[in-house]
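Fold and geometry: a report
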Amino acid sequence: MKHTHLYNYILGIADNSLILAQRLGELCGHGPTLETDIAGTNISLDLIGQARNYYQYAAKIKGEGKTEDGIAFLRLERDYKNVLLVEQPNEHFGYVMGRQYLFDVFHLLFMNQLLNSTDETLAAIAKKGIKEVSYHKRFSGDWVKRLGDGTQESNQKMQEAIDELWVYTDELFDQTEADKAMISEGIGIDTSKFKEVYYTEVSALLKEATLEVPERKYFIKGGKKGTHSEHMGYILAEMQYMQRTYPNMEW
Amino acid sequence: MSNEQIKNLEEIFEARIARDEKIEPKDWMPEKYRKTHIRQMSQHAHSEIVGMLPEGNWITRAPSLRRKAALLAKVQDEAGHGLYIYSACETLGISRDELYEQLHSGKAKYSSIFNYPTVTWADMGAIGWLVDGAAIINQVPLCNTSFGPYARAMVRVCKEESFHQRQGFEIMLKLCNGTPEQKEMAQDALNRWWWPSLMMLGPTDAESIHTEQSMKWKLKRKSNDELRQQFIDQTVPQADILGLTIPDLDLKFNEKTGSYDFGEIDWDEFWQVVKGHGPSNKKRMKDRVGAWERGAWVRDAAMAYAEKQEDKKELKKVS
Amino acid sequence: MIQDFLVLCLESYSVAVLIQTHIHMSKNWPLWEIFVRSKNGLEHRHFGSLHAADAEMALENARDVYTRRSEGVSIWVVESKNITASNPEHNGELFEPAQDKVYRHPTFYDLPDDVKHM
């Protein structure tokens, strides 16, 4: 039982990185400048690297001949445990940076705690990841400020993105059964402890970016429990295309 | 300046290049040298960034996480290489935005190979193996070209690109050692990319208008036909290792020359693609122009923000 | 000759301005020169250039563009327009006078072979 919880707990973290990386991967070559294409790709590569470490660990725990790619590519939609936030589409660059920033602040707070996990592998992944995620947050935060406090048009667009993405932030702190079990073991992170820190930090930056901080009233969740938005099916259709079309082959 | 004086300067200039001296952006240079370099460097940079698109097409569908990361890193490098070469080009007094405008309006060309669609995963292998292979043959001599900024950019590009071809060949190798279905996918990709790769090395010497001048300025060290022969000679044995068949019935090793004889290239197809009527020309341009236009408000916002921050700094100084 | 060079620059500059204002009425991100220290103990070396709206962005872009393969431990960015360069037309007067000052180099001085450590 412990292993099932640990396995599910790891997937919960890993899927966030994977799906966000997948979204960023769609953008490569289609961004506003060459420089931002290169930066966005770097973030995507960091996230894939983290996801690989998590999946490799999950495969080891699970045994049964599971592999990193088998776990990453061959689950049913209902078995992916990422939050709804990371699967939201790249409507425009404001969404991309807004989604990134709202996730990055959480991600860094989370990693900082994961460092103290009694699970040595998770702590080691966090140790390496913290530096990467610190940079992601700096990068996305700077862009939210630029777009928020840039032109009138960019302010509107950034506000629209924040308003739409805001409803997915609460789910970051939602705790599944696996989360609770792992917290009690000292392996998992009690995210409720830094929920207020998260909202304080995000709100401060939004204000600095001359954006309005949306009300904390209505939230949507489901991804962590496998109930995803309609976007998810298409993400998986693309991501799993090769693995599904050509089963049991090596690439 | 009189014509006599210019002629004199040109002679001194050509002598410097002949002595293997480098030309730097602020040095006097003939107008033709400047224009030729802007043309060649911008074409090169455009090829890098348009080249991101056919491979970028497979990032979200890469069949393993390892492959996904390698492909992302490769496409990212192409953005970087475009950036280095645009920067080198900008030292000649033309801005990246102007160069983009030339690309987007169809005035500037880019490598015709990127106007072919990438339809299977094996195309990622074929592009890395063949297209990057052909590109390396073109690019290595450019590390010694006469224009300093271009030569320096190429040194960096060549160093970074060394993994690109290996990445492609490894994809092919895996497919060829895999199931019959995978091997067929690899053969199909080779069939589609072989001839366009040969065309990529440019028109035959008889039809190439820029070759002689480019040789003098070290923009070129070998003629198109020599490069093509070199590419074929080094690639055929690699295809043998993969167990793939080059789609050319006339391909035969010539004991006398020590090189491979090969069949007729379909130059009509080449010119059709160069003139904008290849399978993916329209799509590539639509993607590039679309990205640029969709990004306009972002670039504007960043400038507006930067200016506001400057103003705030100034205010602080005053008060 | 210098005039010709300037005219050339001005011409291409005004053409550039014309084209740019024609495309859309926005300002383009300025160009920055990037200097990277590969490791402590070495000097910052010019690596290339890139575009960015401000210094902070130039640093971030430089990190992503020029240090993807761990090429650096420190980055300087300078907006290109702030660099003053010597004019190659003056190379004669600037640099040639140094060429015959051979007495600045140790090989200028004759010493007997058996003098060591000098």
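Residues numbered from 1 in each chain as written. Chains lettered and ligands numbered in written order. Predicted model: local features only at pLDDT ≥ 70, side-chain atom pairs only at ≥ 80, totals over all residues. Heavy atoms only, no water.

**Here we look at the overall build of chain A**
Looking only at helices and strands, one finds 11 helices and zero strands in chain A. Taking 18 Å as the expected radius of gyration for a compact globule of 251 residues, we find that chain A reaches 18 Å, a close match to that expectation. Principal axes of the C-alpha set define a box for chain A whose edges measure 55 × 40 × 30 Å. Here chain A holds 251 residues, and the buried ones make up 63% of them. Expressed as a percentage of contacts within chain A between residues at least 6 apart in sequence, the contacts between residues at least 24 apart total 79%. With the model as given, the accessible surface of chain A reaches about 9,900 Å², and the carbon-plus-sulfur share is 49%. Computed over 28 positive and 37 negative side-chain charges, the separation of the two mean positions in chain A equals 5 Å. (Helix = DSSP H or I, 4+ residues; strand = E, 2+ residues; numbered from the N terminus. Rg over C-alpha atoms; globule rule 2.2 N^0.38 Å. Buried < 20%, exposed > 50% of the residue type's maximum accessible area, 1.4 Å probe, protein only. Contact = heavy atoms within 4.5 Å. Areas by Shrake-Rupley, 256 points an atom, 1.4 Å probe, with all protein chains shown as cover. Lys, Arg positive; Asp, Glu negative; His and termini not counted. Charge placed at Lys NZ, Arg CZ, Asp CG, Glu CD.)

**Focus on the interface of chain B and chain C**
Listed by partner, the interface residues are 31 residues for chain B and 32 residues for chain C. Between chain B and chain C lies a buried interface of about 2,800 Å² when both sides are counted; carbon and sulfur atoms form 56% of it. Three residues stand out in chain B for area buried against chain C, namely B:Lys26, B:Arg156 and B:Met303, and they jointly supply 21% of the buried area on that side. Our enumeration of links across chain B and chain C arrives at five salt bridges. At the junction of chain B and chain C, the tally comes to nine residue pairs in polar contact (both at pLDDT 80 or more). Among the elements that line the side of chain B that touches chain C, the one with the most residues is helix H12 (residues 296-318) of chain B, at eight residues. Of the residues that constitute the side of chain B that touches chain C, the class distribution is 11 nonpolar, five polar and 15 charged. (Buried area = accessible area lost by both parts, 1.4 Å probe. Salt bridge = Lys/Arg side-chain N within 4 Å of Asp/Glu carboxyl O. Polar contact = N/O pair within 3.5 Å; in protein donor to acceptor, adjacent residues only side chain to side chain. Nonpolar A, V, L, I, M, F, W, Y, C, P; charged D, E, K, R; others polar.)

**Considerations on the sheet that holds strand S1 (residues 31-37) of chain C**
Think of a sheet as strands paired side by side through backbone hydrogen bonds, with each pair either parallel or antiparallel. With antiparallel pairing, the three strands of this open sheet are ordered in space as S2-S1-S3 (chain C). Both edges of this open sheet fall to strand S2 (44-51) and strand S3 (74-79) of chain C, since each of them pairs with a single strand only. Each strand of the sheet is rotated relative to its neighbour by a mean of 25 degrees, with strand direction disregarded. Helix H3 (residues 65-90) of chain B contacts S1 and S2 of chain C of the sheet and is inclined by roughly 90 degrees relative to S2(C). (Pairing = 2+ DSSP bridges. Axes fitted to C-alpha atoms, helices over the stretch in contact; angles between N-to-C directions.)

**Some thoughts on helix H5 (residues 93-114) of chain A**
Under the 1.5 Å per step criterion, the end-to-end length of H5(A) is 30 Å for 22 residues, consistent within 8% with the ideal 32 Å. The buried count for H5(A) comes to 20 of 22 residues, which makes it a mostly enclosed element. (Expected span 1.5 Å × (residues − 1).)

**Re the interface of chain A and chain B**
Across the boundary between the two partners, chain A contributes 47 residues, which contact 50 residues of chain B. In total, chain A and chain B occlude about 4,100 Å² of area from one another, counting both sides; carbon and sulfur atoms represent 68% of this. Together, A:His30, A:Leu34 and A:Trp251 form the three largest contributors to the area buried by chain A at its contact with chain B, with a combined 18%. One can count four salt bridges joining chain A with chain B. Remark: the boundary between chain A and chain B carries 15 residue pairs in polar contact (both at pLDDT 80 or more). Of all elements in the fold, only helix H1 (2-27), helix H2 (34-62), helix H3 (68-73), H5, helix H6 (120-148), helix H7 (152-166), helix H10 (231-239) and helix H11 (241-245) of chain A reach the threshold of two or more residues within the side of chain A that touches chain B. The biggest single contributor to the side of chain A that touches chain B is H2(A), with 11 residues.

**Considerations on the side chain of B:Gln182**
By secondary structure assignment, the location of B:Gln182 is in helix H7 (residues 180-200). In this view, B:Gln182 contacts A:Met249, A:Glu250, A:Trp251 and B:Leu175; residues no more than four positions away in its chain are not counted.

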